[in-house]
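Structural overview
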Amino acid sequence: MAKMTRKERILRKHRRVRKKVFGTSERPRLAVYKSLKHMHAQIIDDTKGITLVSASTVEKEIKEKVKGLTKTEAAKVVGQVIAERAKEKGIKAVVFDRGGFIYHGRIKAVAEGAREGGLEF
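This section reports on the structure supplied with the text. Everything numeric in this text was worked out from a predicted model, so none of it was measured.

A separate point is the side chain of S56. Residue position: S56 is located in strand β3 (residues 50-56). At 3.3 Å, the side chain of S56 forms a polar contact with the backbone oxygen of M39.

What follows is the structure, given as structure tokens:
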């Protein structure tokens, strides 16, 4: 049997997490994805299948804020920005979806940044 790649392992864990985590209109899902260089976060309403808010270190606005910071510090900024954008849309509470990644390091930093920004989960 062939060894699973990194991506396959993460997808398998993500499917396991998604069995329990579901976003509704009242409490959408905060999905987090990390690549080797960047962080992406989006708030999703799974009942309608739409993304309500998103933030990423690839965006020009955030890229300028995180210049010179470590990846973990940049992840925290992404969390704060997504919380700020969610508040503008009237979203107060979310369900956190770690996306198959371990709740540690950059994933934890996004969660802490979002909590500091005012999101509840």
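What follows covers the layout of surface pockets. In this structure, the largest pocket spans a volume of roughly 340 Å³. Its residues placed into classes, the lining of the largest pocket shows 9 nonpolar, 6 polar and 5 charged. Forming the walls of the second largest pocket are 13 residues, and the residues nearest its centre are K37, H38, T57, V66 and A74. Per element, the largest residue contribution to the lining of the second largest pocket is 3 residues, and it comes from helix α3 (residues 71-88).

Conventions adopted
- Residues numbered from 1 in each chain as written.
- Predicted model: local features only at pLDDT ≥ 70, side-chain atom pairs only at ≥ 80, totals over all residues.
- Heavy atoms only, no water.
- Helix = DSSP H or I, 4+ residues; strand = E, 2+ residues; numbered from the N terminus.
- Polar contact = N/O pair within 3.5 Å; in protein donor to acceptor, adjacent residues only side chain to side chain.
- 1 Å grid on protein atoms, 1.4 Å probe; cavity = no way out; pocket = protein on both sides within 12 Å on 5 of 7 lines; lining within 4 Å.
- Points joined across faces, edges and corners; volume = space filled by probe spheres on them.
- Nonpolar A, V, L, I, M, F, W, Y, C, P; charged D, E, K, R; others polar.

Geometric descriptors of this kind do not, in isolation, establish any biological role.
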